[in-house]
Amino acid sequence: MAGTGYTDLREKLKSMMPYRDGHKGSGGGLTREPPEPPPYDRKRRHQEDSGSEPSDYEEQKEEEEARKVKSGIRQLRLFSAEECAKIEARIEDVVSRAEKGLYKEHTVDRAPLRNKYFFGEGYTYGSQLQRRGPGQERLYPRGEVDAIPEWVHDLVIRKLVEHRVIPEGFVNSAVINDYQPGGCIVSHVDPIHIFERPIVSVSFFSDSALCFGCKFQFKPIRVSEPVLFLPVKRGSVTVLSGYAADEITHCIRPQDIKERRAVIILRKTRLDAPRLETKSLSSSVLPPGYNSGSNRDQILKPKRSHRKADPDAAHSNLCSCVKLHYESNLGREKGRVCYLGKVKVVLGSFSDLFWFPSCTRV
C-alpha cells in the first residue's frame, strides 16, 4: 500500500526492531515519557494519496490536531521489570481460569487474536447490540461480571494512587485486553456516557503503540496513517483525558502488535450511565415494536463463544495482516524468507496490487 510509506520489506522489518526488546525494562523509578511520534513524510504521503502537494494550511491543521491530542496524554514509566513479571503471572492466572470456565458469562469476551476480561463492570458494545453506534452502549446489570481481583487492587491500583495518577476509590471497572501478534482494536472513543475521565491503561508483556485518528477499512483490513503515533512501553502508564479521550478516536493497529501484549484498563463508570435491567429494560433501550416477554432477549445479539479461537483461523488472519502492509514490488523477491514476530514469511507471487506471502508458524 502506498499509504504505508514503506517500499522495502527490510525497511519495514527494521522499523519493528525498537519494539522487540520489550522485556529489557529499566527500574521502577517514576519517569515521564512524552509522546514522540516517529517521523514520516507528510508531503510524500499526501502526494501519494491525492497526487498533489499539501498546502501549508493543511500541514498546520494536522500539526495543530496532533498538539491537541498530546495535550490530553500523560505517560509515566511506573512499573519495574520485576513488578511487571509478577503482574503478568497474575494475568496468566486469569487466562487459565477463563479457559476452565470459572468466570461468569459476561466476564469473558473472546475474539481471534484478542480476548477481553471484564471485572467490576461490563458493558455491551460493537456488534452485541441490535442498534449499533456511539451512545448505544449499556452497562450490564450489577453482578453480571466478576469482581475486580484483589491483585489488581494490590499490585496496580494502589501504586497509581500512591503516585497520584488517580484518587483513592476512583476505579470500579477493570478490563484486561490480551492481544496475540497481529491482534488489534479498531478506532473508537471510550463511551462518554458510560465512563468518567481520565482513562488509565497499564501495558504488559511487550512494547507496542497507541494510534489516534486512524480509519479502518475491512475485507481486506487496511489502516490509514495516524494523526499521532504514541509508543507504549512495557510497564508504562498511559492516561487519556480532554481532547485525546473525547474528541478523537484511538486504536491499536495489527502491525503494532509484534509479540503478545496485555493492557489493564482502569476506569470509573458514571453514576447516570445507562444500564440493562435483569427483568425489564428502559424504553431508551427497547427497539421499535418491543412488547414484552421473550422479545426482551432479542435486544442483545448472541454473545461470542467462550471456546478458544481456531488457531488456524487466527494464523490466517495474521497472514492477511502481514500481506497488507507491504508494497507490491516486493513479490519480485520470490522465495525470500523473513520473520515477523513468531511468523516465518516466505515471499511468493505478486499481482498488480499485493504480493501474497505464505506464512508458517515458527
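Residues numbered from 1 in each chain as written. Predicted model: local features only at pLDDT ≥ 70, side-chain atom pairs only at ≥ 80, totals over all residues. Heavy atoms only, no water.

## A word on the overall build of the protein
Under the convention used in this document: Only DSSP runs of H or I covering at least 4 residues are called helices, and only runs of E covering at least 2 are called strands; the numbering of each starts at the N terminus. The rule is simple: take the accessible area with a 1.4 Å probe, protein chains only, and divide by the maximum for that residue type; under 20% is buried, over 50% is exposed, in between is partly exposed. We call two residues in contact whenever any of their non-hydrogen atoms come within 4.5 Å of each other. Calculation of accessible area relied on Shrake-Rupley with a 1.4 Å probe; when residues are assessed, cover is drawn exclusively from the protein chains displayed.
In terms of regular secondary structure, the protein is built from seven helices and 17 strands. A burial count over the protein gives 47% of its 362 residues as buried. Within the protein, contacts between residues separated by at least 24 positions form 76% of all contacts whose residues are at least 6 apart in sequence. Carbon and sulfur atoms provide 49% of the accessible area of the protein, an area that totals close to 18,300 Å².

## Here's the deal with the packing of helix α4 (residues 81-99) against helix α5 (residues 150-162)
The criterion, for reference: Structural elements are reduced to axes, namely lines fitted to C-alpha atoms, with helices fitted over the stretch in contact, and the angle between N-to-C directions of any two is expressed from 0 to 180 degrees. The hand of a helix crossing depends on one turn: near helix anticlockwise from the far one by less than a right angle means left-handed, and clockwise means right-handed.
Put simply, α4 and α5 touch, their axes get as near as 11 Å, and they point 140° apart. Judged by the sense of rotation from one axis to the other, the crossing of α4 with α5 is left-handed. Of α5, the residues touching α4 (which contributes Glu83, Ile87, Arg90, Ile91 and Val94) are Trp151, Leu155, Val156 and Lys159.

## Focus on the pattern of salt bridges
What counts is decided by this rule: Any Lys or Arg side-chain nitrogen located within 4 Å of an Asp or Glu carboxyl oxygen qualifies as a salt bridge.
In this structure the tally under the stated criterion is 13 salt bridges. Across the pair Glu83 and Lys159 runs a salt bridge, and its minimum N-O distance is 2.7 Å. Taken as a pair, Glu83 in helix α4 and Lys159 in helix α5 lie far apart in primary sequence, 76 residues in all. Residue Glu121 pairs with Arg142 through a salt bridge whose shortest N-O separation is 3.6 Å. Here Glu121, found in the loop between β4 (114-119) and α5, pairs with Arg142, found in the loop between β4 and α5; they are 21 residues apart in sequence, far enough to count as distant. For Glu121, a relative accessible area of 8% translates into the label buried. Connected through shared salt-bridge partners, Glu92, Asp178 and Arg260 make up one network.

## Quick notes on the confidence of the model for the protein
Basically, it comes down to this: Every residue carries a pLDDT, the predictor's confidence in it, which falls somewhere between 0 and 100.
Looking at the protein as a whole, its pLDDT mean stands at 75, while 60% of the residues score no less than 70. Taken together, the stretch residues 1-14 has pLDDT below 50 and engages in 37 contacts with residues farther than four places along the chain or on a different chain. Here residues 301-362 is a poorly scored stretch, pLDDT under 50, and it has 133 contacts once near neighbours within four places are set aside; other chains count.

## Considering the pairing of strand β5 (residues 173-179)
The test is simple: What makes two strands pair is DSSP finding at least two bridges between them.
When you tally the buried positions in β5, you get seven out of seven residues, the bulk of the element. A two-sided burial pattern is seen for β5, the buried positions comprising Ser173, Val175, Asn177 and Tyr179 on one face and Ala174, Ile176 and Asp178 on the other. Pairing between β4 and β5: six bridges, direction antiparallel. Pairing of Asn115 across the sheet is with Asp178, part of β5.

## Details of the nonpolar core
So the rule is basically this: We define a nonpolar core as any set of buried Ala, Val, Leu, Ile, Met, Phe, Trp, Tyr and Cys residues linked to one another through side-chain atoms lying within 4.5 Å.
Residues Leu160, Val237 and Leu266 are the most contacted members of the largest nonpolar core, which totals 35 residues. Mapped by element, the contributors of at least two residues to this core are α4, β4, α5, β5, β7 (199-204), β12 (236-240) and β14 (261-267). The contacts of Leu160, once residues within four sequence positions are left out, are Leu78, Val165, Ile166, Val200, Val202, Val237 and Leu266. Residues Tyr179, Ile194, Val227 and Leu228 belong to the second largest nonpolar core, which totals 30 residues.

## A short note on the pairing of β7
Among the six residues that make up β7, six are buried, leaving the element largely enclosed by the rest of the structure. Of the two faces of β7, the one carrying Ile199, Ser201 and Ser203 and the one carrying Val200, Val202 and Phe204 are both buried. As judged from the five bridges shared by β7 and β14, these two strands associate in the antiparallel manner. Residue pairing in the sheet places Phe204 in a bridge with Ala262 of β14.

## Some thoughts on unusual backbone geometry
Omega for the bond connecting Arg197 with Pro198 falls within 30 degrees of zero, at 10°, which places this linkage in the cis form. Considering the arrangement of structural elements, one finds Pro198 in the loop between β6 (185-188) and β7. The peptide bond linking Lys219 to Pro220 adopts the cis configuration, its omega dihedral lying at 0°. Turning to its location among the elements, Pro220 is positioned in the loop between β9 (216-217) and β10 (222-223).

## Things to note about α5
Given 3.6 residues per helical turn, the α-helix brings residues three or four places apart onto the same face. Inclusion rule: What a helix is expected to span follows from its residue count: subtract one and scale by 1.5 Å.
Taking 1.5 Å per residue, 13 residues should reach 18 Å; α5 reaches 17 Å between its end C-alpha atoms and fits that length. Listed as buried for α5 are Trp151, Val152, Val156, Ile157, Lys159, Leu160 and Val161. Residues of α5 that are buried sit in contact with α4, β5, β7, β12 and β14. A positive phi of about 60° marks Arg164, the residue just after α5.

## Considerations on helix α3 (residues 56-71)
The cut-off we apply is this: The arc refers to the directions leading from the helix axis to the C-beta atoms.
Its 16 residues place the ends of α3 22 Å apart at the C-alpha level, agreeing with the 22 Å of an ideal helix rising 1.5 Å per residue. All buried positions along α3 are accounted for by Glu59, Ala66 and Val69. The buried residues of α3 occupy one face: seen down the axis, they fall within an arc of 85°. In this structure, α3 carries Asp56, Tyr57, Gln60, Lys61 and Ser71 as exposed residues pointing more than 90 degrees from its buried face.

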